[in-house]
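Next come the chains, spelled out residue by residue.
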Amino acid sequence: MTAFEHISTKIDEIYKDIANNASAQAFLGPEDAEEPYLGGINYNCVAPGKRFRPMDNLSGGEKTVAALALLFSIHSFQPAPFFVLDEIDAALDNTNINKVARYIISETEKHFQCIVISLKEEFYTRAEALIGITAEPDKDCTVSRVFTLDLTQYPE
């Protein structure tokens, strides 16, 4: 219950921070308040500028932002020093990619290190380093080549 109470308290704050909008809302609560150990957990979000809808009716991007808020809320209870986030931007539009990238950058400055696997330029432009992996020419895709680029040496 200690973990649940912490996470349910932090999730709204983190969702608002990721969405970069004070009107966004996230709620986490037990299905059975009398006996919380016997049921599941309800998680609902109200996206900025929208009315309440069940989680199933949210868009893919809205679900992604909600899932990230839950992930980072859990992280705030029991922090991990390192994250690998694989294509978390797949369902996000450019505006939400920038919001998520801004949040991750602000958190990595204080709390953890992060590798984001992405195919979208919006994440690349905010990275400290880029790592590219490609097939070695003339090796029938059996050998990989790795390219790295430290972006901290270039001013914004």
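Refer to the preceding data block for the structure.
Note that this is a predicted model, so its numbers are computed, not measured.

What counts as what
- Residues numbered from 1 in each chain as written.
- Predicted model: local features only at pLDDT ≥ 70, side-chain atom pairs only at ≥ 80, totals over all residues.
- Heavy atoms only, no water.
- Core = buried A, V, L, I, M, F, W, Y, C linked by side-chain atoms within 4.5 Å.
- Buried < 20%, exposed > 50% of the residue type's maximum accessible area, 1.4 Å probe, protein only.
- Helix = DSSP H or I, 4+ residues; strand = E, 2+ residues; numbered from the N terminus.
- Contact = heavy atoms within 4.5 Å.
- Patch = residues over 30% accessible without salt bridge, like charges linked within 9 Å, V, L, I, M, F, W, Y side chains within 5 Å.
- Areas by Shrake-Rupley, 256 points an atom, 1.4 Å probe, with all protein chains shown as cover.
- Salt bridge = Lys/Arg side-chain N within 4 Å of Asp/Glu carboxyl O.
- Axes fitted to C-alpha atoms, helices over the stretch in contact; angles between N-to-C directions.
- Parallel < 35°, antiparallel > 145°, perpendicular 65-115°, else oblique.
- Nonpolar A, V, L, I, M, F, W, Y, C, P; charged D, E, K, R; others polar.

Asker: Residue-level account of the nonpolar core, with values.
Answerer: By size, the foremost hydrophobic cluster in this structure holds 31 residues, and its most contacted members are Tyr-15, Ile-18, Tyr-43, Cys-45, Phe-72 and Val-100. At the level of elements, helix H1 (2-19), strand S1 (25-30), strand S2 (41-46), helix H2 (60-77), strand S3 (82-86) and helix H3 (94-108) are the ones that each hand at least two residues to this core. Examining the composition of this core, we find that seven residues originate from one element, H1, more than from any other. In this structure Ile-18 touches Val-65, Leu-68, Ala-69, Phe-72, Lys-99, Val-100, Arg-102 and Tyr-103, once residues within four positions along its chain are discounted.

Asker: Can you tell me about unusual backbone geometry, naming the residues and giving the values?
Answerer: In this structure, Asn-20 is a non-glycine residue whose phi angle is positive, near 55°. Within the secondary structure, Asn-20 sits in the loop between H1 and S1. Among the residues examined, Asn-20 registers a relative accessible area of 51% and is labelled exposed. In this model, Glu-87 sits at a positive phi of 50°, which is unusual for a non-glycine residue. Relative to the helices and strands, Glu-87 is located in the loop between S3 and H3.

Asker: Any details on a nonpolar patch on the surface? Residues and values, ideally.
Answerer: Residues Phe-82, Val-84, Ile-115 and Ile-117 make up a contiguous nonpolar surface patch of roughly 340 Å² in combined accessible area. Elements with a minimum of two residues in the nonpolar patch: S3 and strand S4 (113-117). Tracing the backbone shows Phe-82 in strand S3.

Asker: Which residues make up the pattern of salt bridges, and what values go with them?
Answerer: Scanning the model with the defined rule gives seven salt bridges in all. Where Lys-10 meets Glu-13, a salt bridge forms, and the shortest distance between an N and an O atom there is 3.3 Å. Taken as a pair, Lys-10 and Glu-13 lie in helix H1 at a separation of three residues, close to a single helical turn. The partner of Lys-50 in a salt bridge is Glu-62, with the nearest N and O atoms 2.7 Å apart. On the criterion of sequence distance, the pair formed by Lys-50 in the loop between S2 and H2 and Glu-62 in helix H2 is long-range, its members being twelve residues apart. Among the ionic contacts, a cluster of salt bridges with common partners joins Lys-50, Arg-53 and Glu-62.

Asker: So what's going on with the packing of H2 against H3? Which residues, and what values?
Answerer: Closest axis-to-axis distance for the H2/H3 pair is 12 Å, and the angle between their directions is 10°. One finds that H2 runs roughly parallel with respect to H3. In this structure, H2 uses Val-65, Leu-68 and Phe-72 to contact H3, whose residues at the interface are Asn-96, Val-100, Tyr-103 and Ile-104. Its residues placed into classes, the contact of H2 with H3 shows six nonpolar, one polar and no charged.

Asker: How would you explain the packing of H1 against H3 if you had to name every residue and give the values?
Answerer: Where H1 meets H3, the closest approach of the two axes is 8 Å, and the angle between their N-to-C directions is 120°. As summarised for this structure, H1 and H3 are arranged oblique, according to the angle between their axes. For the pair H1 and H3, the contacting residues are Ile-14, Asp-17, Ile-18 and Ala-19 in the first and Lys-99, Val-100, Arg-102 and Tyr-103 in the second. Considered class by class, the residues forming the contact of H1 with H3 number five nonpolar, no polar and three charged.

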